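Residue-level structural notes
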Amino acid sequence: MGVNIYWYIVAIVIVLGMILPQEGKDRKYYILLMTVVHTFVCGWRYMYLTGDLRKYAYHYELYKSSSLGWFDEAVFHGGRNAGFQWICKFFSVITDGDFHIFLIFLAIFTQVAVAILIYIYSPKPWFSYLIWNCMSFFLVYDFSTIKQGLAMAVLMYAMIAVFEKRRKSFIILVLLAGFIHAPALVFLPTYYIANKKITENTVIVYIIIMIAVFIFKQPIAEWGTDIYYEEGVVNTNKIISLGGRFVVILLIALVGILIKGFREKQFETLFTLMVVAASIQMFSGYNNVFTRFSDYYLQFSILYIPMIFYSPIREVPMSDEKNLPPFIFDKDSLKFFVIILTGIMIWWYDATCLGLKIEDKADNYLNYRFQWEVPNEQQTNQMEDAEF
C-alpha cells in the first residue's frame, strides 16, 4: 500500500465532502464515515510501523507480567507519564501482551474524540478533516507518537469544556492529559486566556509578549526541554532562526483577523490558541520537541481555519460591531479562497511529510502496510530489534 494510503484518505475526505451533507444533523453521516476510515487505517496498520511503536511494544510486552506491579519503577516512573504506562499495563494484562489490540483501542478513542469535536463545532467537516490530515496530526500523533496522540485526544474534550464554560471539567481533563503525557500541562492556561476579550490593544500586547519571549528564549528552551526529557536539556544551542512553520502559524492567525475579525467568541478563543502555538513554535530552532508542544494548541486549527471562511453552525456569543474584519468578502470569494487553500494544504502535506525521503528504515511511516500484510517471522525479528 505504501504512501498511497495517505493520499487515498485525502481523496476520500474531499470527494465524500462534495457528495455528503456538510450542514445540519445529516452531516453526522459524513463524520461517521470519516471516523470509520481513519480508525480502520490507523488501527489495522502494521503494529511496528515506526521505531517509536517498536519501543512502546517492547515495554508493553513486559507489562503483562504479574511480577511487575503498578507502582514498580519500570511502570510508574515516579509518576511521570504514569497514566499512559498504566493504560499500557491494563491492556497488556487483559490481552496477554497483544500490542495490536491496544493500537486498535487507541485508534477508536482518538478518532471518536476528533469526530465529536468536529461534529459540535466545525462549520465544514470535510475542511476540518483535510486539515487534520494535511497538517500531519493524524499521521504523526495517531500513527507513531501515540502517547502524545492520546493526550491530544483528551485535550479535545478539554477544549469542549472551554467552549461550554465548564472549568472544573477542563482542569480535570488537562490534569488527566498531563498524567498521560506531562507536556500536555502546557495547555492549562487555556481556560484563562480563552475568556480574554480580543481587541486591537490585545493584539498589540500579544506582539509585545512574543517579542519578549523571543528575547528570553534560551532559558525558556532549557526549562522546556527539562520538562520533556527526563535526562535533561537537549540541543539548546543559541539559534536565531524561527523556522518556516512559525511563519505559517502566524500567517494562519493573521488571515483570521483580516477575513473574520473578532465578532465570534469561539473564534476569538481559537485565535488566541494560534498565537500561543506560534509563540511556542519559535523555540523549534533549539529543539524539535517544541513543535510537539506547539501542536497541543495548533491541533485546534481544524476548527479555526474552517471558521475563517464559514459561518458558525449554531448560535454563538457575538461581540460588538466594531470588531468586524477590515475586509469583507462575499460567499463566492470565500469559496474561491477555500479552493486555493485546499491546493496549498495538499502541497504542504507532500512537501513536509509524504514527499520526504526517510533515511531510517525503522521510522519509514511512508511504507504503510496493514497488519496482515507482514509475515509473523518478520514481525518477531523487528520486535526483537526494539530491545535495547
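The sections below set out a description of the structure shown in this document. (Residues numbered from 1 in each chain as written. Predicted model: local features only at pLDDT ≥ 70, side-chain atom pairs only at ≥ 80, totals over all residues. Heavy atoms only, no water.)

**A look at the overall build of the chain**
Cut-off, in case you're wondering: Segments assigned H or I by DSSP are reported as helices when at least four residues long, segments assigned E as strands when at least two residues long, and all are numbered from the N terminus. Buried means the residue's accessible area, taken with a 1.4 Å probe over protein chains only, is under 20% of the maximum for its type, while exposed means over 50%, and partly exposed covers the values in between. Contacts are residue-level and defined by heavy atoms, with any inter-residue pair within 4.5 Å sufficient. Under the convention used here, a 1.4 Å probe and the Shrake-Rupley method define accessible areas, while residue burial counts only the protein chains that appear.
Secondary structure assignment for the chain yields 19 helices and zero strands. Here the chain holds 388 residues, and 53% of them are scored as buried. For the chain, the share of sequence-separated contacts (at least 6 apart) that also reach a separation of at least 24 residues comes to 78%. Here the chain displays about 18,000 Å² of accessible surface, and carbon together with sulfur accounts for 64% of that area.

**Some details on the environment of Tyr119**
Position of Tyr119 relative to the elements: it lies in helix H6 (residues 99-121). Sequence separation between Tyr119 and Ile31 is 88 residues; the distance between their C-alpha atoms is 7.1 Å. Excluding anything up to four places from it in sequence, Tyr119 contacts Lys25, Arg27, Lys28, Ile31 and Ile313.

**Considering helix H1 (residues 4-19)**
The condition that has to hold: To estimate how far a helix should reach, multiply one less than its number of residues by 1.5 Å.
Look at H1: 22 Å from first C-alpha to last across 16 residues, which is about the 22 Å you get at 1.5 Å a residue. Elements that come into contact with the buried residues of H1 comprise helix H2 (27-43), helix H7 (125-134), helix H8 (137-143) and helix H18 (331-354).

**So, the packing of aromatic side chains**
Spelled out, the test is: Here is the rule: rings of Phe, Tyr and Trp (six-membered ring for Trp) pair when centre to centre is within 6.5 Å. Planes less than 30 degrees apart are stacked, more than 60 are edge-to-face, and the remainder are tilted.
What the rule picks out here adds up to 36 aromatic pairs. Each member of the aromatic cluster is reached from another via a ring pair, and the members are Tyr56, Tyr60, Phe84, Phe90, Phe91, Phe99, Phe102, Phe105, Phe109 and Tyr157.

**Some words on the pattern of salt bridges**
Put simply, the rule reads: A pair is scored as a salt bridge if a Lys or Arg side-chain nitrogen falls within 4 Å of a carboxyl oxygen belonging to Asp or Glu.
This structure, assessed with the given rule, holds five salt bridges. With a closest N to O distance of 3.9 Å, Lys64 and Asp96 form a salt bridge. Of this pair, Lys64 sits in the loop between helix H3 (51-63) and helix H4 (73-76) while Asp96 sits in the loop between helix H5 (82-95) and H6, placing them 32 residues apart in sequence. What emerges from the salt-bridge pattern is a single network uniting Glu61, Lys64 and Asp96.

**Focus: the environment of Pro312**
The residue Pro312 is located in the loop between helix H17 (301-309) and H18 in this model. Since its relative accessible area comes to 33%, Pro312 is described here as partly exposed. Pro312 sits 45 residues away from Phe267 along the chain, and the two C-alpha atoms are 9.4 Å apart.

**What about the nonpolar core?**
Short version of the rule: Definition of nonpolar core: a set of buried residues of the types Ala, Val, Leu, Ile, Met, Phe, Trp, Tyr and Cys, connected through side-chain atoms within 4.5 Å.
If you look at the biggest cluster of nonpolar residues, it comprises 120 residues, and the most contacted ones within it are Tyr6, Phe99, Phe127, Phe187, Tyr304 and Phe309. Per-element tally for this core: the top contributor is helix H9 (residues 146-163), with 14 residues.

**Focus: unusual backbone geometry**
Within the chain, Asp96 stands out as a residue other than glycine whose phi angle is a positive 55°. Of note in this structure, Lys165 is not a glycine but carries a positive phi near 60°. Classification of Lys165 by relative accessible area gives exposed; the value is 54%.

All quantities given are derived from atomic positions and should not be read as evidence of function.
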